Amino acid sequence: MPNLRLYVGNRNYSSWSLRPWLCLTWSGLAFDTIDVELDQPGYGQGQIADVLAVSPSGRVPALHVDDLVIWDSLAIAEWAAEAAPAAGLWPADPKARAIARAVTAEMHASFAPLRRDLPMNLRRRARAIDLPPETRADIARIDALWSDARARFGAAGPYLFGARTIADAFYAPVATRFRTYAIALSPAAAAYRDALLADDGVRAWEAAAAAQPAKPFSRSDVDNRHPDA
Ligand SMILES: N[C@@H](CCC(=O)N[C@@H](CS)C(=O)NCC(=O)O)C(=O)O
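Residues numbered from 1 in each chain as written. Predicted model: local features only at pLDDT ≥ 70, side-chain atom pairs only at ≥ 80, totals over all residues. Heavy atoms only, no water.

1. Quick notes on the site of the ligand
Logical step 1: In the vicinity of the ligand there are 15 residues, among which Gly44, Gly46, Val60, Ser73 and His108 approach most closely.
Logical step 2: At 3.4 Å, a side-chain N or O of Arg59 approaches an oxygen atom of the ligand.
Logical step 3: A distance of 2.7 Å separates a nitrogen atom of the ligand from a polar atom in the backbone of Val60. (Near = heavy atom within 4 Å. Polar contact = N/O pair within 3.5 Å; in protein donor to acceptor, adjacent residues only side chain to side chain.)

Shown next as structure tokens:
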């Protein structure tokens, strides 16, 4: 088995890092997690020296498989699905698998207003606030997407496709954002959010985040964007 090292950003904030970390954790493959401080000169431009040393894009996550470097969260998730086929990181049913890939790709490529207005901040609890229409549209789209997948494919368990898959890993940061910013959801979407937040992998990541120093992130307004609850 190759030596696996996953480089991740600050656990409290790095939504991109959480996704492949969950996939690798759920895969059962043995891997080491190496934390990289993102609140450094060059942040936001892919120019942090410590990140460039481990990732050619200047962004984390990056998975080192012996001397192979994989620097994108979806590529890492796909690598884990191929390396641990028995873990079922994609649904076995072809129709469910096609939709799981669609919802994962949608999360990977879309929802810029949601990312802008509701950044991941695990320890934060903010007051519910009025959000711009485009952000409310993102929330409504995710609520509909979650509810639809649960209704069509989720009978065998609490996750989008029953058992947990890469799609759930990609929406785990969103579940924490909905909690942080007190976002109202439909009953089906709220139940799925709670299932994700109760997942042992998500809780292990949160515990690791809580163990890191709770210092504000100085290079963005992520900690004071909205009023505290
Ligand atoms: N498309 C990339 C995005 C990765 C990304 O944006 N990572 C952020 C941390 S959450 C980063 O490294 N930022 C450093 C910077 O912007 O300088 C992926 O899927 O892995």
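2. Points about the environment of Arg179
Logical step 1: On the secondary structure map, Arg179 appears in helix α7 (residues 166–180).
Logical step 2: For Arg179, the residues in contact, after removing those within four places along its chain, are Leu122, Arg125, Leu197 and Glu206. (Helix = DSSP H or I, 4+ residues; strand = E, 2+ residues; numbered from the N terminus. Contact = heavy atoms within 4.5 Å.)

3. So, the pairing of strand β2 (residues 32–35)
Logical step 1: One ladder, built from 4 bridges, connects strand β1 (residues 4–8) with β2; its direction is parallel. Across the sheet, residue Leu6 finds its bridge partner in β2, namely Thr33.
Logical step 2: Between β1 and its parallel partner β2, the chain crosses via helix α1 (residues 15–27), and the hand of that crossover is right-handed. (Pairing = 2+ DSSP bridges. Right-handed = clockwise from strand over helix to strand, strands pointing away.)

4. Some details on the sheet that holds strand β3 (residues 62–65)
Logical step 1: Spatially, 4 strands are ordered β2-β1-β3-β4 in an open sheet, and the strand pairing comes out mixed. At either margin of the open sheet sits one strand with a lone partner, and together these are β2 and β4 (68–70). Taken pair by pair, the neighbouring strands of this sheet meet at an average axis angle of 20 degrees, ignoring direction.
Logical step 2: Together, β1, β2 and β3 form the strand contacts of α1, whose direction differs from that of β1 by roughly 155 degrees. (Axes fitted to C-alpha atoms, helices over the stretch in contact; angles between N-to-C directions.)

5. Some details on helix α9 (residues 200–211)
Logical step 1: Over its 12 residues, α9 extends 16 Å from the first C-alpha to the last, a length consistent with the 16 Å expected when each residue adds 1.5 Å.
Logical step 2: Among all positions of α9, only Gly201, Val202, Trp205 and Ala209 are buried. Along the long axis of α9, the arc covered by the buried residues comes to 100 degrees, so they all point the same way. Opposite the buried face of α9, at more than 90 degrees from it, the exposed residues are Asp200, Arg203, Ala210 and Ala211.
Logical step 3: Tucked into the core, α9 has its buried residues touching β1, α1, α7 and α8 (187–198).
Logical step 4: Here α9 starts with a cap whose side-chain oxygen sits 2.8 Å from the backbone nitrogen of Gly201, and that cap is Asp199. (Expected span 1.5 Å × (residues − 1). Buried < 20%, exposed > 50% of the residue type's maximum accessible area, 1.4 Å probe, protein only. Arc of directions from axis to C-beta.)

6. Side note on the domain arrangement of the protein chain
Logical step 1: On domain assignment, one finds that the protein chain holds domain 1 (4–87) and domain 2 (94–208).
Logical step 2: At the junction of the two partners, domain 1 supplies 20 residues and domain 2 supplies 24 residues.
Logical step 3: At the junction of domain 1 and domain 2, the tally comes to 0 salt bridges.
Logical step 4: Inspection of the region where domain 1 meets domain 2 yields 8 residue pairs in polar contact (both at pLDDT 80 or more).
Logical step 5: For the side of domain 1 that touches domain 2, the secondary-structure elements that each account for two or more residues are α1 and α3 (73–83).
Logical step 6: Take the side of domain 1 that touches domain 2: its biggest share by element is 9 residues, from α1.
Logical step 7: Of the residues contributing to the side of domain 1 that touches domain 2, the split by class is 11 nonpolar, 5 polar and 4 charged. (Domains from an automatic or database assignment. Salt bridge = Lys/Arg side-chain N within 4 Å of Asp/Glu carboxyl O. Nonpolar A, V, L, I, M, F, W, Y, C, P; charged D, E, K, R; others polar.)

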